[in-house]
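# Examination of the molecular architecture
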Amino acid sequence: MGQRKILIFPILSLAGILLASGCADEKSEWIPYADRESLNDISRDYLINCLDDRGIEFKLDNEKNILIQQRDLDMAAASCS
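Conventions adopted
- Residues numbered from 1 in each chain as written.
- Predicted model: local features only at pLDDT ≥ 70, side-chain atom pairs only at ≥ 80, totals over all residues.
- Heavy atoms only, no water.
- pLDDT = per-residue confidence, 0-100.
- Helix = DSSP H or I, 4+ residues; strand = E, 2+ residues; numbered from the N terminus.
- Core = buried A, V, L, I, M, F, W, Y, C linked by side-chain atoms within 4.5 Å.
- Buried < 20%, exposed > 50% of the residue type's maximum accessible area, 1.4 Å probe, protein only.
- Pairing = 2+ DSSP bridges.

Right, let's talk about the confidence of the model for the protein chain for a bit. Residue-level pLDDT values for the protein chain average 83, and 72% of them are 70 or greater. Summarising per-element confidence for the protein chain, the mean pLDDT is lowest in helix α1 (residues 2-27) (64) and highest in strand β3 (residues 66-69) (96).

This is the structure we're talking about:
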């Protein structure tokens with residue numbers, strides 16, 4: 001009986017950590033922020049500079065769409081729209 005009580009806390013802690021790390025993966029997913037059809041070169045450059053100035057990670061895909069991480073969507077929309 002004493003061993004069961006000793007094992008319960010570490011097992012529950014491990015389960016909580018695994019659950020939290022699973023949720024963190026969803027927030028770091030890359031999503032489209034601006035597509036190439038809605039931006040000309042000047043607006044794309046402005047948006048890239050704005051994201052860079054705010055420290056928001058971004059990348060361009062093969063079609064020149066701007067992608068940001070899900071967790072940064074609110075900040076990007078508030079700062080760079």
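As a rule of thumb, soluble globular proteins bury nonpolar side chains together. If you look at the biggest cluster of nonpolar residues, it comprises 13 residues, and the most contacted ones within it are Tyr33, Leu47, Leu51, Ile66 and Ile68. Secondary structure elements with two or more residues in this core: β1 (30-34), α2 (41-53), β3 and α3 (73-80). With four residues, the top contributor of residues to this core is α2.

With burial as the criterion, each face of β3 is covered, one bearing Ile66 and Ile68 and the other bearing Leu67 and Gln69. Sheet topology note: the β1/β3 ladder contains four bridges and is antiparallel. Residue pairing across strands places Ile31 opposite Ile68, the latter belonging to β3. As paired elements, strand β2 (residues 58-60) and β3 share three bridges and run antiparallel to each other. The partner of Lys59 across the bridge, within β3, is Leu67. Connecting the antiparallel pair β2 and β3 is a turn made up of five residues, with Lys64 showing a positive phi of about 70°.

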